[in-house]
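Each chain, letter by letter, is given below.
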Amino acid sequence: MQKFLFVILVLLLAETGITYAQDPGIPDTVNFGVCQSYIVAEGDSFDGKVRVPLRIFNDEPLENLLICLTWNGPIICDTGFFYGQRLDTNVFGIFDFDNEFKVIGVNAFVFEGEIIPDTGVFLYIVFQAFDTGVAKIDTRSCCFPECPITFADTFTGWRPPFEPKEFELVKSDTIPGDLNGSSRTDLVDIIILVNFTFKSIYQGFLRPAADVNSDCRIRLSDVIYLINFIFKAGERPKPGCAF
Ligand SMILES: [Ca+2]
Ligand SMILES: [Ca+2]
């Protein structure tokens, strides 16, 4: 929590001195793209990952953007990674979350230069799902500490419209690491994964099922993880997030 308080402080400090005004040009927006989930049964319970793309449209250069989110449903925040052209060596991004208070803080600001005008995915948020059902992501504008979505240029700030996102968490019938759908994980699955990783041969498997170490990418470390599981009684494949 201490770390997150620090980020909230950064967010609030960053807001200090901003004069709110009408959004210049075309209205900027903040919304979400299609959420993807991979949830498997673990005995009587469920385990999985959900990837939520946060999308931003800004037609003017920005100096600062602040987004606070909250959620409900059977998910906890796991990680987030920035995406696209907006962050570079002079534009710094902070992503932080607190699962106890169900709050996510996103801040991007410039050391020099600007956050360029752009449209599309700005951040992927990855949640861990522990059940099926419905989840919803909203802003923190309504709650204490209030943290409205704010975009700002050098002189003024504005509050772009935001669309909350509700999505369904559905159980998958596949098993992590079972890439040929044989209902078991064995040498054949390793060969399929090796062919994909080193020869770019894709044999139609569900991608998150191949991300067996659940780091949201399919690569050599997944091959090693799967070999260790099958031949060395290593850790079981996890539901992945490489959608
Ligand atoms: Ca198999
Ligand atoms: Ca992986």
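Residues numbered from 1 in each chain as written. Chains lettered and ligands numbered in written order. Predicted model: local features only at pLDDT ≥ 70, side-chain atom pairs only at ≥ 80, totals over all residues.

(A) A look at the overall build of the protein. Helix and strand content of the protein: four helices and 13 strands. Dimensions along the principal axes, computed over C-alpha positions, put the protein at roughly 60 × 40 × 30 Å. Considering only contacts in the protein between residues 6 or more positions apart, those separated by 24 or more positions represent 74%. (Helix = DSSP H or I, 4+ residues; strand = E, 2+ residues; numbered from the N terminus. Contact = placed C-beta atoms within 7 Å.)

(B) Spatial organisation of helix H4 (residues 220-232). An ideal rise of 1.5 Å per residue puts 18 Å on 13 residues; H4 measures up with 17 Å between its terminal C-alpha atoms. Taken as a whole, H4 has its buried residues at Asp222, Tyr225 and Leu226. The arc that holds the buried residues of H4, viewed along the axis, is 95°, so those residues lie on one side. Opposite the buried face of H4, at more than 90 degrees from it, the exposed residues are Leu220, Phe231 and Lys232. Here the buried face of H4 lies against helix H2 (187-199) and helix H3 (207-210). Phi turns positive, to about 55°, at alanine 233, one or two residues after H4. (Expected span 1.5 Å × (residues − 1). Buried ≥ 20, exposed ≤ 12 C-beta atoms within 10 Å, placed from the backbone. Arc of directions from axis to C-beta.)

(C) Here's a closer look at the nonpolar core. Leu65, Ile67, Ile104, Leu123, Ile125, Phe127 and Ala210 are the most contacted members of the largest nonpolar core, which totals 50 residues. Mapped onto the domain boundaries, this core takes at least three residues apiece from domain 1 (2-169) and domain 2 (173-243). Setting aside residues no more than four positions away along its own chain, phenylalanine 127 makes contact with Val50, Val52, Ile75, Ile76, Cys77 and Asp78. (Core = buried A, V, L, I, M, F, W, Y, C linked by C-beta atoms within 7 Å. Domains from an automatic or database assignment.)

(D) Local environment of unusual backbone geometry. Its identity is not glycine, yet cysteine 216 carries a phi of approximately 75°, on the positive side. Structurally, cysteine 216 is set in the loop between H3 and H4. Of the residues examined, cysteine 216 has 18 C-beta atoms within 10 Å and is grouped as partly exposed. One non-glycine residue with positive phi stands out, namely alanine 233, at about 55°. Residue placement: alanine 233 occurs in the segment after H4.

(E) Region of interest: the pairing of strand S10 (residues 133-139). By the bridge criterion, four bridges tie strand S5 (residues 64-72) to S10 in an arrangement that is antiparallel. Directly across from threonine 70, in S10, lies its bridge partner aspartate 138. When S10 meets strand S13 (residues 165-169), the two strands line up antiparallel, connected through five bridges. Bridge pairing links isoleucine 137 to lysine 165 in S13. (Pairing = 2+ DSSP bridges.)

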